[in-house]
Amino acid sequence: MMSHILPLGLKLAGKPVVVVGGGPVSARRARMLHRAGAHVTVISPALCEDMKELVATSQYKMPDAKPTPAIIVEQREYRVGDLAEAWLVATATARSDIDDAVAQEAETHRLFCLKGGDPAGASAWAPALAEHGDAVIAVVSRGDQPSPRRTLRLRDRISAFLMSREAVNEPLDSVTAGPQGRVVLVGGGPGAADLLTIAAQRAISRADVLVIDRLAPRDAVAWTPAHAHIIDVGKTGGNHPVSQADINEILVAHAQAGKTVVRLKGGDPYVFGRGGEEYLACADAGIPVTVIPGVTSAVSVPAAAGIPVTHRGVSRGFTVLTGHCDVSVAPLAVDHTIVLLMGVSRLAELSKQLINQGNSPNTPCAVIEDGYGPRQRTTTATLSTIAEVARRAGVQSPAVTVVGDVVHALTGGLQHALPPDIFAR
């Protein structure tokens, strides 16, 4: 049977390539091309979160990573002539008229074009890739209609087979199947190792690989076995040296090698921890996942400062939002509590939104820094003054902001409802 497909290894290092579109498919294409060392230019009037993260990540270099150029973004619509210098183009705008125009220009310039959503109209298809030593595994469908899920499954099985044989140092022709690894998503709580669950401690003590976040309790690393491999994927504001897509791949790759992989996060994996994305990545690769919940900072950090998020006669419920979103969607902080995570840099904007929404400027507010950590501190003010008071106090992340009458519900506060060293005394 003629496949009409010729798999090739393209040397794109230093070559200009263009990605038209800012959605998830374009982000995957841009990531693949960037890893190949190409000079990637993304053209799109808007970027999805995955693309934004990829662009930000491209600005930073891991210590052991090969040098690659940063991704350039032109936030505008595609124009004829954008492909004049390109060696390869990928388009996935969800608009057939634009994708068709890109493909037509590519044809004119004799460029191969990856065309999202229209494989029959593309002149090239993206393979499912995996690295193994000095080789790259690439699985490509043949025929006119590629099957992405099938190629991914084949890629994962081949990769897992090779990695499992390498792990036990066996020749490739001696066996036909590899061991089954697994991933455990563990919530690390607000940062104090004493606040992890017994199940979390047990999982960490049995880990072959520990993938740890910046806000996870670092003391828990001491619980890992001597042979465990520790991978730090911590992120700070504006600095994402390891993207979420890369983290997903780390979890999958090590589990496919037959390892028990523990993903240790701050707080709870499913409360703004992107644990759901990691679960889906593993599930798509056929890897079993266990979730061990953690104490979310949304309730534990206020508690450390003596602030209950609900209190009889004061607040009957609470809403948790990230400081990156539009908080005007939150209920009014009357008989209700608003908890903001990751919002220190936008405190002035967020408080203004809440006041414009209808909240009283005199609503009590508190910002708790480094809950259960060595520099825990609580700064209080009103909704109209909290941003300025926090600025003068030099408030820094990580911090949790509480808006509502619960700030003063317990007169004097407890300051440390449960000191970090309570079990050591």
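None of the values given here were measured: they were computed from a predicted structure.

### Examining the overall build of the protein chain
Helix and strand counts for the protein chain come out as 10 helices and 17 strands. Put simply, the protein chain has 425 residues, and 45% of those count as buried. Across the protein chain, contacts joining residues at least 24 apart in sequence account for 60% of those joining residues at least 6 apart. Approximately 21700 Å² of the protein chain is accessible, and the part contributed by carbon and sulfur atoms is 55%.

### Side note on helix α5 (residues 198–205)
Every buried residue of α5 is accounted for by Ala200, Ala203 and Ile204. What you see down the axis of α5 is that its buried residues fit within an arc of 95 degrees, all on one side.

### Topic: the nonpolar core
Within the largest apolar cluster, 20 residues are counted, with the highest numbers of intra-cluster contacts made by Ile338 and Val403. Those elements that provide at least two residues to this core are β14 (337–341), α9 (347–357), β15 (364–369), α10 (386–393) and β17 (399–403). In terms of nonpolar packing, the next biggest core, distinct from the first, is built from 19 residues, Val17, Leu47, Leu54 and Val55 among them.

### Quick look at helix α8 (residues 297–304)
The complete set of buried residues in α8 reads Ala298, Ser300, Val301, Pro302 and Ala304. On its buried face, α8 is in contact with β13 (318–322), β14, β15 and β17.

### Structural notes on the confidence of the model for the protein chain
Of all residues in the protein chain, 84% have pLDDT values of 70 or greater, and the mean over the chain is 84. Within the model, pLDDT remains below 50 along residues 172–177, and this stretch shows 9 contacts once partners closer than five positions in the same chain are excluded. Segment residues 413–425 is flagged for pLDDT under 50; beyond a separation of four residues in sequence, or across chains, it makes 23 contacts in the model.

### Focus: a nonpolar patch on the surface
Together, Tyr270, Tyr279, Leu280 and Val291 make up a nonpolar patch on the protein surface, roughly 370 Å² of accessible area in all. Summarising the element assignment, valine 291 is placed in strand β12 (residues 289–292). Overall, the relative accessible area of 31% leaves valine 291 in the partly exposed class.

### What about the pattern of salt bridges?
Side-chain pairing between opposite charges can occur once the charged atoms of the two side chains come close. Under the definition given, this model contains 20 salt bridges. Lysine 115 serves as the salt-bridge partner of aspartate 100, at 2.6 Å between the closest nitrogen and oxygen. With a gap of 15 residues between them, aspartate 100 in helix α3 (residues 96–108) and lysine 115 in strand β5 (residues 112–115) connect regions that are remote in the sequence. The exposure class assigned to lysine 115 is buried, which follows from its relative accessible area of 11%. Among the charged side chains, a network of salt bridges with common partners joins Asp213, Arg263, Lys265 and Glu278.

### Comments concerning the sheet that holds β15
Ordered in space as β13-β14-β17-β15-β16, the 5 strands form an open sheet in which the pairing is mixed. Across the chains shown, the open sheet's two edge strands, defined by having one partner strand only, are β13 and β16 (377–382). On average, each strand axis in the sheet is tilted by 20 degrees relative to the strand beside it, whichever way the strands run. Contacts from α8 reach β13, β14, β15 and β17, with the element oriented near 85 degrees to β17. Contacts from α10 reach β15 and β16, with the element oriented near 145 degrees to β16.

### Topic: the packing of aromatic side chains
The final tally for this structure, using the stated rule, is 0 aromatic pairs. Above the plane of the ring of tryptophan 87 lies lysine 15, whose end atom (NZ or CZ) is 4.9 Å from the centre.

### Let's talk about the sheet that holds strand β10 (residues 229–232)
Strands sit in the order β10-β9-β11-β8-β12 across an open sheet of 5 strands; the sheet is parallel. The open sheet is flanked by β10 and β12, the only strands paired with a single partner. Averaged over all pairs of adjacent strands, the angle between strand axes in this sheet comes to 15 degrees, irrespective of strand direction. Taken together, the 4 bridges between strand β8 (residues 182–187) and β12 define a ladder with parallel strand orientation. Looking at the pairing, valine 183 lines up with valine 289 of β12.

### Considerations on the side chain of threonine 296
Among the secondary structure elements, threonine 296 is positioned in the loop between β12 and α8. On the basis of relative accessibility, which here comes to 16%, the residue threonine 296 falls in the buried class. Leaving out residues up to four positions away in the same chain, threonine 296 has contacts with Gly267, Asp268 and Val271.

How each quantity is defined
- Residues numbered from 1 in each chain as written.
- Predicted model: local features only at pLDDT ≥ 70, side-chain atom pairs only at ≥ 80, totals over all residues.
- Heavy atoms only, no water.
- Helix = DSSP H or I, 4+ residues; strand = E, 2+ residues; numbered from the N terminus.
- Buried < 20%, exposed > 50% of the residue type's maximum accessible area, 1.4 Å probe, protein only.
- Contact = heavy atoms within 4.5 Å.
- Areas by Shrake-Rupley, 256 points an atom, 1.4 Å probe, with all protein chains shown as cover.
- Arc of directions from axis to C-beta.
- Core = buried A, V, L, I, M, F, W, Y, C linked by side-chain atoms within 4.5 Å.
- pLDDT = per-residue confidence, 0-100.
- Patch = residues over 30% accessible without salt bridge, like charges linked within 9 Å, V, L, I, M, F, W, Y side chains within 5 Å.
- Salt bridge = Lys/Arg side-chain N within 4 Å of Asp/Glu carboxyl O.
- Pairing = 2+ DSSP bridges.
- Axes fitted to C-alpha atoms, helices over the stretch in contact; angles between N-to-C directions.
- Phe/Tyr/Trp six-rings, centres within 6.5 Å; stacked < 30°, edge-to-face > 60°.
- Lys NZ or Arg CZ within 6 Å of the ring centre and 35° of its normal.

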